[in-house]
Amino acid sequence: EAQVTQNPRYLITVTGKKLTVTCSQNMNHEYMSWYRQDPGLGLRQIYYSMNVEVTDKGDVPEGYKVSRKEKRNFPLILESPSPNQTSLYFCASRGQGIRFGYNEQFFGPGTRLTVL
Amino acid sequence: SQKIEQNSEALNIQEGKTATLTCNYTNYSPAYLQWYRQDPGRGPVFLLLIRENEKEKRKERLKVTFDTTLKQSLFHITASQPADSATYLCALPSSGNTGKLIFGQGTTLQVKP
């Protein structure tokens, strides 16, 4: 089954304690990205990757890091989480096809993060 | 930069009626536009795509229109059911062919039995 998986699904942590949210896709997609979703603000892109070892900032990258060492994995790292990073996070992937022409985006199930 | 406007107010309709959701964009006309469904606490799921040269697209009870003159897409659900209750997001590609999709904030649909 084609899917994007994320772990953990729920996480409660404390300010300053480094954490990693994993993301993996089994569709051989080139493009992967991370979003956060907050009430009233919609989906905001944090980082994206167009292929292995190619990453770039999205709209709200401050306080986050990513890496893309393998095509299937795209972990999100919070080096020193703060309460304003409490949010619902989604990983997504998309096939490049003919330069992304018309391809749908697949989302993971989400990670609900609370930073105390 | 491209901006998407979806009605932030929830849409409440009676079961069996047609729901119509609006997506307006403000800048360049995209090559295509996509619609997604999102249930509370879950990831968005792709529903339909419509290309700039298509006026209308249908899939079962869903219909999407695309008017590049008005810079607007309409999303219709006919014979709506309580199970259609969800938030519906429209998305369109950002400029530069980077693969990035820009999402609207979504409109929440509530279908009452």
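What counts, and at which threshold
- Residues numbered from 1 in each chain as written.
- Chains lettered and ligands numbered in written order.
- Predicted model: local features only at pLDDT ≥ 70, side-chain atom pairs only at ≥ 80, totals over all residues.
- Heavy atoms only, no water.
- Disulfide = S-S within 2.5 Å.
- Helix = DSSP H or I, 4+ residues; strand = E, 2+ residues; numbered from the N terminus.
- Buried < 20%, exposed > 50% of the residue type's maximum accessible area, 1.4 Å probe, protein only.
- Pairing = 2+ DSSP bridges.
- Polar contact = N/O pair within 3.5 Å; in protein donor to acceptor, adjacent residues only side chain to side chain.
- Contact = heavy atoms within 4.5 Å.
- Phe/Tyr/Trp six-rings, centres within 6.5 Å; stacked < 30°, edge-to-face > 60°.
- Axes fitted to C-alpha atoms, helices over the stretch in contact; angles between N-to-C directions.

### Looking at the state of the cysteines
Working step 1: Counted by the stated rule, this structure contains two disulfides over all chains.
Working step 2: Linked covalently through their sulfurs, Cys 23 of chain A and Cys 91 of chain A form a disulfide whose S-S length is 1.8 Å. Across the disulfide from Cys 23 of chain A to Cys 91 of chain A, rotation about the S-S bond amounts to roughly -70 degrees, and the bridge is consequently left-handed. Of the two residues, Cys 23 of chain A sits in strand E3 (residues 19-25) while Cys 91 of chain A sits in strand E9 (residues 87-94), which places them 68 residues apart along the sequence.
Working step 3: Of the residues examined, Cys 91 of chain A reaches a relative accessible area of 0% and is grouped as buried.
Working step 4: The side chain of Cys 23 of chain B participates in a disulfide bridge whose partner is Cys 90 of chain B; the two sulfur atoms lie 2.0 Å from each other. Because the torsion about its S-S bond is 65 degrees, the bridge between Cys 23 of chain B and Cys 90 of chain B counts as right-handed. Placement of Cys 23 of chain B in strand E3 (residues 19-25) and of Cys 90 of chain B in strand E9 (residues 86-93) is noted, with a sequence separation of 67 residues between them. Residue Cys 23 of chain B shares its accessibility class with Cys 90 of chain B, and that shared class is buried.

### Some points on the pairing of strand E6 (residues 54-57) of chain A
Residue and element names in this part refer to chain A.
Working step 1: Direction of pairing for strand E5 (residues 42-51) relative to E6: antiparallel, over a ladder of four bridges. Across the sheet, Ser 49 pairs through a bridge with Thr 55, a residue of E6.
Working step 2: Between the antiparallel neighbours E5 and E6 lie two residues, among them Glu 53 with a positive phi of about 65 degrees.

### Here we look at the side chain of Gln 6 of chain B
Residue and element names in this part refer to chain B.
Working step 1: Among the structural elements, Gln 6 can be located in strand E1 (residues 4-6).
Working step 2: Looking at Gln 6, its side chain comes within polar contact range of the main-chain oxygen of Tyr 88, at 3.0 Å.
Working step 3: Sequence-distant contacts of Gln 6, defined by excluding residues within four places in its chain, comprise Thr 22, Cys 23, Trp 35, Tyr 88, Leu 89, Cys 90, Gly 104, Gln 105, Gly 106 and Thr 107.

### Some words on the packing of aromatic side chains
Working step 1: For the structure shown, the criterion picks out 12 aromatic pairs over all chains.
Working step 2: Grouped by ring-pair contacts, the aromatic residues Tyr 35, Phe 90 and Phe 107 of chain A together with Tyr 36, Phe 46 and Phe 103 of chain B constitute a single cluster.

### Observations concerning the sheet that holds E1 of chain B
Residue and element names in this part refer to chain B.
Working step 1: Read from one edge of the open sheet, five strands run E1-E3-E8-E7-E6, paired in antiparallel fashion. Each edge of the open sheet is held by one strand with a lone partner, namely E1 and strand E6 (56-59). Direction aside, neighbouring strands of the sheet carry axes that sit 15 degrees apart on average.
Working step 2: Bridging between E6 and strand E7 (residues 62-67) involves four bridges; their strand directions are antiparallel. By the bridge assignment, Lys 57 is partnered in E7 with Val 64.

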